Amino acid sequence: MRSLYFREKGSAENMLEYGDRNIPDLLEGEVRVKMLASPINPADFMFIEKTYRVQPVYPQIAGFEGAGIIVNNGGANNYPINTLVAFRHKNAWAEFVNVPKNKIISLPANMPVEQAAQLSLNPLTAWALLDELNAAAGEWVLLSAGNSAVSKLLIQFAKSRQVKTIAIVREADQYNELIRLGASAVVRSNDDNLERQIIELVNNEKIAGFLDAVGGELASRIIEFISANSIVIHYGLFSDKPVMYHNAKVIFKNLVIKGFGIDAWMSTKTAAEIEMVWRQIIDEVMNPVFTMEVAGKYSLKEFKTAILESKTAKSGKVLFWMK
């Protein structure tokens, strides 16, 4: 099978190789998926270039998410051949991948592949973050990295729950798009009057929480003025600076400050609960007004161009397209 793999750590552009690899034997508890599409995510670069929670076994096929069609179910009739599925598992940047059954998400046959390929990670993350906040209709949620893929999903999921969002961005070039998606307001993180803007926007209504993908100085500023009894959830590392606050801010406001990882969140749910969550997410995502952008589609062979675009695209995911 044709695939993208690497033999050592380094920049994805330089370390990735395009070529033939043997299709691994199907193990018990796995199904084989013929890949249709796979997005390029920040985690993919972490895996190839830096330290990551999953360790590579060289030569290692890259890619952690995708969608495809089951072509071998190992005799498990509850995973029918030709079923459209999504998954989050390693070795996705290849023509075929063996995926543990417990990581398979069965999808409606009419789901667009562009959506299916992006389903397994960011939508679940956005859904779970809102689940952790449990914000009521009419309450406010602050989003750092407000124009990121996860924030755009958070905005849409929050809108369906009648939760108001403020997208905090470095540059306001996507202002109109964020408002169209359902953001109640968009503010710039580098404005000196950021605190005053947010306080005026919420107008004494409760800020239920702050979903933070950045950290650093921005998170430190937000903690200074966020509402009492709010929840601050750190889920990203865009800044390499520490968050700074005084204990008094947490104590006297009764704040909850916590970290979030999707696998840890999933470990607190039963299989039935996860199944219900996926059904709800799929229903929302397949709503014709729901947006999951694609910045470009490339074959595996075009990986250098695809990687360059994924690092420069201001909106949407770049997909490896194998359909």
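Scroll up for the structure.
The following refers to the structure shown. Numbers given to residues run from 1 along each chain, matching the order in which its sequence is written. Per-residue local features are limited, in this predicted model, to residues with pLDDT of at least 70; the limit for side-chain atom pairs, both in listing and counting, is 80 or more; totals at the level of whole chains, interfaces and linings are taken over all residues. No hydrogens and no water enter the side-chain calculation; it runs on all heavy atoms of the structure.

**Here's the deal with the sheet that holds strand 9 (residues 140-143)**
Phase 1: Two strands are counted as paired when DSSP detects at least two bridges linking them. Where helices and strands are cited, they refer to DSSP runs of H or I of at least four residues and of E of at least two residues respectively, numbered from the N terminus. If you trace the six strands from one edge of the open sheet to the other, you get 11-10-9-12-13-14, paired in parallel fashion. Two strands in the sheet have a free side with no partner beyond their single neighbour: strand 11 (185-188) and strand 14 (256-259). Taking each pair of neighbouring strands and ignoring which way they run, the sheet shows an average axis angle of 20 degrees.
Phase 2: Two elements, strand 13 (residues 231-234) and strand 14, share four bridges in a ladder whose sense is parallel. The partner of Ile231 across the bridge, within strand 14, is Val256.
Phase 3: In what follows, residue pairs with any heavy atoms lying within 4.5 Å of each other are defined as contacts. Only the stretch in contact is used when fitting a helix axis, every axis being a line fitted to C-alpha atoms; angles between N-to-C directions are given from 0 to 180 degrees. Packed on one face of the sheet, helix 8 (residues 216-225) meets strand 9, strand 10 (164-169), strand 12 (207-212), strand 13 and strand 14 and runs near 170 degrees to strand 12.

**Quick notes on the packing of aromatic side chains**
Phase 1: Note on aromatic pairs: the rings of Phe, Tyr and Trp (six-membered ring only in Trp) are paired at centre separations within 6.5 Å, and the planes decide the class, stacked below 30 degrees, edge-to-face beyond 60, tilted for the rest. Enumeration over the complete set of coordinates arrives at eight aromatic pairs.
Phase 2: Aromatic side chains Phe47 and Tyr52 sit 6.2 Å apart centroid to centroid with 65 degrees between the ring planes, which places their arrangement in the edge-to-face category.
Phase 3: Take Phe47: its relative accessible area is 0%, and that puts it in the buried class.
Phase 4: We classify Tyr52 as buried; its relative accessible area is 16%.
Phase 5: Each ring, one from Trp127 and one from Phe157, has its centre 5.2 Å from the other, and the planes form 80 degrees; the classification is edge-to-face. Of this pair, Trp127 sits in helix 4 (residues 122-133) while Phe157 sits in helix 5 (residues 149-160), placing them 30 residues apart in sequence. For the pair Trp127 and Phe157, a shared accessibility class is recorded, and that class is buried.
Phase 6: Among the aromatic residues, ring-to-ring pairing joins Phe6, Phe47, Tyr52, Tyr58 and Phe64 into one connected group.
Phase 7: Cation placement over rings: the criterion is NZ of Lys or CZ of Arg within 6 Å of the ring centroid and within 35° of the ring normal. Positioned above the aromatic ring of Tyr5, the side-chain terminus of Arg21 is 4.7 Å from the ring centre.
Phase 8: The side chain of Lys311 reaches across the aromatic face of Phe45, ending 4.7 Å from its centre. Think of it in three bands: residues with accessible area under 20% of the maximum for their type are buried, residues over 50% are exposed, and the middle band is partly exposed, with areas taken using a 1.4 Å probe on protein chains only.

**Considerations on the sheet that holds strand 4 (residues 60-61)**
Phase 1: Judged by pairing direction, the sheet is antiparallel, and its three strands sit side by side in the order 2-1-4 without closing on themselves. Sheet topology places strand 2 (17-20) and strand 4 at the edges, where each strand pairs with a single neighbour.
Phase 2: Note that strand 1 (residues 2-6) and strand 2 share four bridges and pair antiparallel. Looking across to strand 2, one finds that Tyr5 is bridged to Glu17.

Distances and angles like these do not, on their own, reveal function.
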